[in-house]
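# Examination of the molecular architecture
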Amino acid sequence: MSLNGTEVKSDSTITSRGEVGFLWENNHKYKSHPLKLSIESSIIHEFNGKAEARISGIGAEHDSGGTWGRLGLNVALHTSDTTRAYIRAHGLVGSDRSGGGVLFGFAKKF
């Protein structure tokens, strides 16, 4: 691939992951609407994570192997039989993957 005259090649990406965890869910009602709360936790291990790339002959390699944990909290409110609003917050800890995020969403079934 060429980008503004610069040649970019992605040589290979290899990955093998294992994940073990648990999920706890609890159903409630909020003003007669179903409300689902859940907590998830897992440990992930990357057995063989490696990516290689070249830009104009200069090579770079990234080893993404390691072990890290993930913890998440989810809240979903069903506003009708076909719609729901949700919030998902998660965090990563360990290896070189620290951080997290928050996702707000809305889903509708057709």
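This text follows the structure it describes.
Read on for a plain summary of the structure. (Residues numbered from 1 in each chain as written. Predicted model: local features only at pLDDT ≥ 70, side-chain atom pairs only at ≥ 80, totals over all residues. Heavy atoms only, no water.)

Phi is positive for Lys31, close to 50°, though the residue is something other than glycine. Examined against the element boundaries, Lys31 turns out to sit in the loop between β3 (17-30) and β4 (33-46). Since its relative accessible area comes to 66%, Lys31 is described here as exposed. Backbone geometry places Ser32, a non-glycine residue, at a positive phi of 70°. Of note, Ser32 is situated in the loop between β3 and β4. According to the relative accessible area criterion, Ser32 is exposed, its value standing at 59%. (Helix = DSSP H or I, 4+ residues; strand = E, 2+ residues; numbered from the N terminus. Buried < 20%, exposed > 50% of the residue type's maximum accessible area, 1.4 Å probe, protein only.)

Once that is clear, we can look at the environment of Val75. When you line up the elements, Val75 lands in strand β7 (residues 66-78). Val75 sits in the partly exposed class, given a relative accessible area of 31%. When the C-alpha positions of Val75 and Ile87 are compared, they lie 5.3 Å apart, and in sequence the two are twelve residues distant.

We now examine the environment of Phe106. Within the element layout of this structure, Phe106 appears in strand β9 (residues 99-108). In this structure Phe106 comes out as exposed when scored by relative accessible area, which is 56%. Sequence separation of Phe106 and Arg84 is 22 residues, and the distance between their C-alpha atoms is 5.8 Å. Setting aside residues up to four positions removed in sequence, Phe106 forms contacts with Thr83, Arg84, Ala85 and Tyr86. (Contact = heavy atoms within 4.5 Å.)

With that out of the way, let us pick up the environment of Asp81. When you line up the elements, Asp81 lands in the loop between β7 and β8 (83-93). Separated by 28 residues in the primary sequence, Asp81 and Lys109 place their C-alpha atoms 8.5 Å from one another.

A word on the pairing of β8. Across a regular strand the side chains alternate sides, sitting on one face of the sheet and then on the other. Bridge count for β7 against β8 is ten bridges, and the pairing is antiparallel. By the bridge assignment, Leu71 is partnered in β8 with Gly91. The hairpin formed by β7 and β8 contains four residues between the paired strands. Relative to β9, β8 is paired through ten bridges, and the arrangement is antiparallel. Looking across to β9, one finds that Thr83 is bridged to Lys108. (Pairing = 2+ DSSP bridges.)

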